[in-house]
Amino acid sequence: MKQYKAIFFDWDGTAVLSRKAPVEEAVLPMKKLLQKGVPLAIISGTTYENIAGGKLESYFTAQELKSLFLGLGRGAYNYRFNAEGKPAVYQNHIPKKEVLLAIHDVCYEMHKQLLKEYGMQTDIVFSRPGYCKIDLMVEVDRGENLFLQQNELQTLNNYFEKHGYHGKLEQLMQLGAELGQKKGVPLKITSDAKYLEVGTTDKSDNVDGILSTLEQEQGIAPQDCCYWGDEYLGLGQGLFGSDSFMMTKKTLPGDFFDVSETEGERPAKVQHLGGGVDRFLDFLHQQC
């Protein structure tokens, strides 16, 4: 495999098995690459507190941290590390309060329609930075493994059928988009089957922002980057998982890899390797 000048990767399910799993196995090759000055960018929908327990910087020196970036909150924040080795937001895509309230209204309207018309219970997390999470299967507990599970899409479709909802996940996402249009807010809606994430940003905002920084500061070209994840899987007609949003007009010259064990359709440019976390960490070691 070619040597890349910058590596972008998802965290949960790609670099670590769960948020409570030890991070040392991931940190070891990361540290070696950062010592060489190879930029690494963690692209995740979560917050900094959920990356290595909010103590990621403690594993690296201030010099190593100069090459580490984080794109978090589903496009909300891009981080780099200051001279003291502390994380600092340098790009912020948080919507204004009136837009955030419109997002909340859309999610609550979807909740009401599903409950009223189909008796489907949903939970909504309103406290995410710039977006909301709608839990479509409240009775399904993923435990510590928060990424898409084997057969989970089929479980969701069975749940829809059980409640007489004969649409698909993509129709539900289209409903959200239409409700957003009525409020004058263009929404980006993603899903991993269990959750709908509704907001005005997604991982595309993270990767485009960080790649622009690397181009400007280090002259790194898009074709010299790679993007690793475990959620590129197709979820419906023309609909793919959250990691597919790392594929943008700007990043497309790069290479894209999926380590998920789940079989199914991926975007044409994605190389499905399987192997889970071990496969990704093997790659990092090969790059050292």
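J.: Explain the packing of helix H3 (residues 97–118) against helix H5 (residues 169–182) to me, please; I cannot follow it from the model alone.
T.: Packed helices, taken two at a time, are described by the angle their axes make and the gap between the axes. With their axes 9 Å apart at the nearest point, H3 and H5 run at an angle of 130° to one another. In this view, H3 runs oblique relative to H5, as classed from their interaxial angle. Where H3 crosses over H5, the two elements pack in a sense that is right-handed. Packed against H3, whose contacting residues are Val106, Glu109, Met110, Gln113 and Leu114, the element H5 presents Leu172, Leu175, Gly176, Leu179 and Gly180 at the interface. Class assignment of the residues belonging to the contact of H3 with H5 gives a composition of six nonpolar, three polar and one charged.

J.: Mind showing me how you'd approach the pattern of salt bridges here?
T.: A pair can form between side chains of opposite charge whenever their charged atoms are brought close. Within the structure shown, the criterion is met by 14 salt bridges. The salt bridge involving Asp258 is made with Arg266; its shortest N-O contact spans 2.8 Å. We note that Asp258, like Arg266, is buried. Here the salt bridges do not stand alone but share partners, grouping Asp10, Lys203 and Asp243 into one network.

J.: Sorry if this is basic, but what is going on with the side chain of Arg266 here?
T.: For Arg266, the position within the fold is in the loop between strand E13 (255–258) and strand E14 (270–272). Of the residues examined, Arg266 reaches a relative accessible area of 10% and is grouped as buried. Polar contacts involving the side chain of Arg266 include one to the main-chain carbonyl oxygen of Thr262, which spans 2.7 Å. Aside from chain neighbours lying at most four places away, what touches Arg266 is Tyr232, Leu233, Phe240, Asp258, Ser260 and His272.

J.: Explain the packing of aromatic side chains here, please?
T.: Describing an aromatic ring pair means giving the distance of the ring centres and the angle of the ring planes. In this structure the tally under the stated criterion is 14 aromatic pairs. Relative to Tyr165, the ring of Phe160 lies with its centre 4.8 Å away and its plane at 70°, an arrangement referred to as edge-to-face. Residue classification places Phe160 among the buried residues on the basis of a relative accessible area of 1%. Taken together through their ring pairs, the aromatic side chains of Tyr4, Phe9, Trp228, Phe257, Phe280 and Phe283 make up a single cluster. The ring of Tyr131 is capped by Arg74, whose NZ or CZ atom sits 5.5 Å from the centre of that ring. It is Lys194 that lies over the ring of Tyr195; its NZ or CZ is 5.3 Å from the centre.

J.: When you look at the sheet that holds strand E7 (residues 131–135) in this model, what are you seeing that I'm missing?
T.: Hydrogen bonding along the main chain pairs the strands of a sheet, whether they run parallel or antiparallel. Ordered by their spatial adjacency, four strands build an open sheet running E6-E7-E9-E8, and the pairing between neighbours is antiparallel. A single partner strand is all that each edge strand has here, and the edge strands are strand E6 (123–125) and strand E8 (188–191). Averaged over all pairs of adjacent strands, the angle between strand axes in this sheet comes to 20°, irrespective of strand direction. In this structure, E6 lies alongside E7, joined through three bridges in antiparallel fashion. When the bridges of E7 are listed, Ile124 appears paired with Ile134. On top of the sheet, H3 reaches E6, E7 and strand E9 (195–199); it is set at about 15° to E7, its chief contact.

Rules and cut-offs
- Residues numbered from 1 in each chain as written.
- Predicted model: local features only at pLDDT ≥ 70, side-chain atom pairs only at ≥ 80, totals over all residues.
- Heavy atoms only, no water.
- Axes fitted to C-alpha atoms, helices over the stretch in contact; angles between N-to-C directions.
- Helix = DSSP H or I, 4+ residues; strand = E, 2+ residues; numbered from the N terminus.
- Parallel < 35°, antiparallel > 145°, perpendicular 65-115°, else oblique.
- Left-handed = near helix turned anticlockwise from the far one by under 90°.
- Contact = heavy atoms within 4.5 Å.
- Nonpolar A, V, L, I, M, F, W, Y, C, P; charged D, E, K, R; others polar.
- Salt bridge = Lys/Arg side-chain N within 4 Å of Asp/Glu carboxyl O.
- Buried < 20%, exposed > 50% of the residue type's maximum accessible area, 1.4 Å probe, protein only.
- Polar contact = N/O pair within 3.5 Å; in protein donor to acceptor, adjacent residues only side chain to side chain.
- Phe/Tyr/Trp six-rings, centres within 6.5 Å; stacked < 30°, edge-to-face > 60°.
- Lys NZ or Arg CZ within 6 Å of the ring centre and 35° of its normal.
- Pairing = 2+ DSSP bridges.

These figures capture arrangement, not role.
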